[in-house]
Amino acid sequence: MSDPPPIPPVEQAQEIALSLWGQGSGFALGLLRTWNLYQMMIIVGLFLAAHLLRMVMGPRLHGWMRRREGWPKWRIRLLVMVHRRLRVIFFVTLGWITYAVMQEATWPSRSYLIGIVVSLATAWLVIAFVTRLIANGFARHVVRYASWIWATLIILGLTEEARRLMDSLSVTLGETRISVWIIVQAVAILWGLLFIARLISSTTASRIRRNEQISPSMQVLAVKLLQVSLFGAAFFVGLRMVGFDLTGLAVLSGAIGVGIGFGLQKVVSNLVSGVIILLDKSIKPGDVISLGETFGWINALGARYVSVVTRDGKEYLIPNEDLITGQVVNWSHSDEFVRLDIHFATAYGDDPHKVRKIAIDATASVPRVLAMKEPVCHIVGFGESSVNYILRFWIRDPVEGLTNIRGNVYLALWSAFHENGISIPYPQRELRLLADPDDLAKPTHF
């Protein structure tokens, strides 16, 4: 005999839905029985008792929490969660006590409904506390509601019917059959594996950052490689667990790679440049750099950009490619010593030997100027109305700023020149009035 023709997916879904509807209708009609009505009244009474306890104990717990000073944040957040769910906590506690008493005092069927309601409330309470560990708000709500639905199906004993219903809702693409049940499994497994990978990654990354024997750039590189490895492994393992054929994914990834090569050249270039920066250690977190008119210190090295924070609090996100192809001044690359130059001028009437000595002594008195590398001062030219000098000095903390140290040196020069009678000239010009030929030989000064 030949096998009967398979039932179409739509008819399977209709059959399962009708079965669930019949079970739900039977359960609803069962609530009209006498002992079920009594159980419903008991449940309502338990809820009212929990509400009254919440009204009495809630303000007291809140006042006690406000007096807790110096407690860790995680403990305070746990207390806040408990305070917000006091009603449910009281309901679950009273419900289990009532259920245990009724199990001993009467027939089990006369406390069956109470057991279901208390089990649902307990599952919802546990899920609410556990999902608070998820930092992302959207993911937390999705996981919470999905877990609540699945826990409800387990407690009501409807998991097999729900699985069959979701499995019957499917489409076939070539030799691949995709159903709602497979999608749900894939999402749950992938999310679980990615959550575990993220937890391991964050824990290991914190340990790597605390290791002082590893340079900052290698710390960033190790963390990035660890994250890519863990998340990639979680993704492919998850696909294999749900029965996805990775052969087709390899072909698809090849096509995607061609598209990336043409459409995302800049993104790929920045990613590769970021790896090169981490490997050659040309810049690292904490370095002071200048790129064009941007001056600041490296705050973080990202996969696509470098975060540079300036003295005025602005944060520039500079693409990694610009740091590879452009001219970058790293003030603290090989060592932390930096030489700064200052130009100034004095009048021709001032003794240059005296000016140089006063300028060097004044510069050496500025706190951040290094005494181990003495300042020097040289004449660089004779101007139209002044003698021009260059003053050079060294510092070892460019991260503290360059403009401020130059300003302090200028102030020190101003005070020293004022005390010693050294004048800073202003431009002078000689004008001749040509209106009267007799006055051509008589210069006039202003």
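Everything here concerns the structure above.
How each quantity is defined
Residues numbered from 1 in each chain as written. Predicted model: local features only at pLDDT ≥ 70, side-chain atom pairs only at ≥ 80, totals over all residues. Heavy atoms only, no water. Helix = DSSP H or I, 4+ residues; strand = E, 2+ residues; numbered from the N terminus. Expected span 1.5 Å × (residues − 1). Buried < 20%, exposed > 50% of the residue type's maximum accessible area, 1.4 Å probe, protein only. Pairing = 2+ DSSP bridges. Phe/Tyr/Trp six-rings, centres within 6.5 Å; stacked < 30°, edge-to-face > 60°. Contact = heavy atoms within 4.5 Å.

## Quick word on helix 8 (residues 180-210)
It helps to recall that an α-helix has 3.6 residues per turn; residues three or four apart then point in one direction.
Okay, so step 1: Here helix 8 is 31 residues long and its end C-alpha atoms lie 45 Å apart, about the 45 Å a rise of 1.5 Å per residue gives.
Okay, so step 2: Every buried residue of helix 8 is accounted for by Trp181, Ala186, Leu190, Ala197, Ser201, Ala205 and Ile208.

## Structural notes on the sheet that holds strand 6 (residues 315-319)
Picture the strands of a sheet paired through backbone hydrogen bonds; they go either parallel or antiparallel.
Okay, so step 1: Read across the open sheet, the five strands follow the order 6-5-4-3-7; overall the sheet is antiparallel. Only two strands of the sheet have a single partner each, and these edge strands are strand 6 and strand 7 (329-330).
Okay, so step 2: Pairing of strand 5 (residues 305-310) with strand 6 involves five bridges; the strand directions are antiparallel. Directly across from Ser307, in strand 6, lies its bridge partner Leu317.

## Things to note about the packing of aromatic side chains
Okay, so step 1: One pass over the structure, following the stated rule, counts six aromatic pairs.
Okay, so step 2: On the numbers, 5.6 Å between centres and 50° between planes, the contact of Phe344 with Phe417 is tilted. Within this pair, whereas Phe344 is found in strand 8 (residues 338-346), its partner Phe417 is found in helix 14 (residues 403-419), the two being separated by 73 residues in sequence.
Okay, so step 3: On the basis of relative accessibility, which here comes to 11%, the residue Phe344 falls in the buried class.
Okay, so step 4: Aromatic side chains Tyr348 and Phe382 sit 6.4 Å apart centroid to centroid with 20° between the ring planes, which places their arrangement in the stacked category. One end of the pair, Tyr348, is in the loop between strand 8 and helix 13 (352-364); the other, Phe382, is in strand 9 (residues 376-382), with 34 residues separating them in the sequence.
Okay, so step 5: Taking the relative accessible area as the measure of exposure, Tyr348 reaches 44% and is therefore partly exposed.

## Quick word on the pairing of strand 3 (residues 288-291)
Okay, so step 1: Residues Val288 and Ser290 line one face of strand 3 and the alternating positions Ile289 and Leu291 line the opposite face, and both faces are buried.
Okay, so step 2: As paired elements, strand 3 and strand 4 (residues 294-301) share four bridges and run antiparallel to each other. From the neighbouring strand, Ile289 faces strand 4, where its bridge partner is Gly296.
Okay, so step 3: Counted along the chain from strand 3 to the antiparallel partner strand 4, the turn is two residues long, and its residue Gly292 has a positive phi close to 70°.
Okay, so step 4: The pairing of strand 3 with strand 7 spans two bridges and is classified as antiparallel.

## Notes on the environment of Asp312
Okay, so step 1: For Asp312, the location among the structural elements is in the loop between strand 5 and strand 6.
Okay, so step 2: Once the C-alpha coordinates of Asp312 and Gly296 are considered, the two residues, 16 residues apart in sequence, prove to be 9.3 Å apart.

## Describing the side chain of Thr363
Okay, so step 1: By secondary structure assignment, the location of Thr363 is in helix 13.
Okay, so step 2: We classify Thr363 as buried; its relative accessible area is 0%.
Okay, so step 3: Not counting chain neighbours up to four residues away, the residues in contact with Thr363 comprise Val369, Pro375, Leu391, Phe393, Val409 and Leu413.

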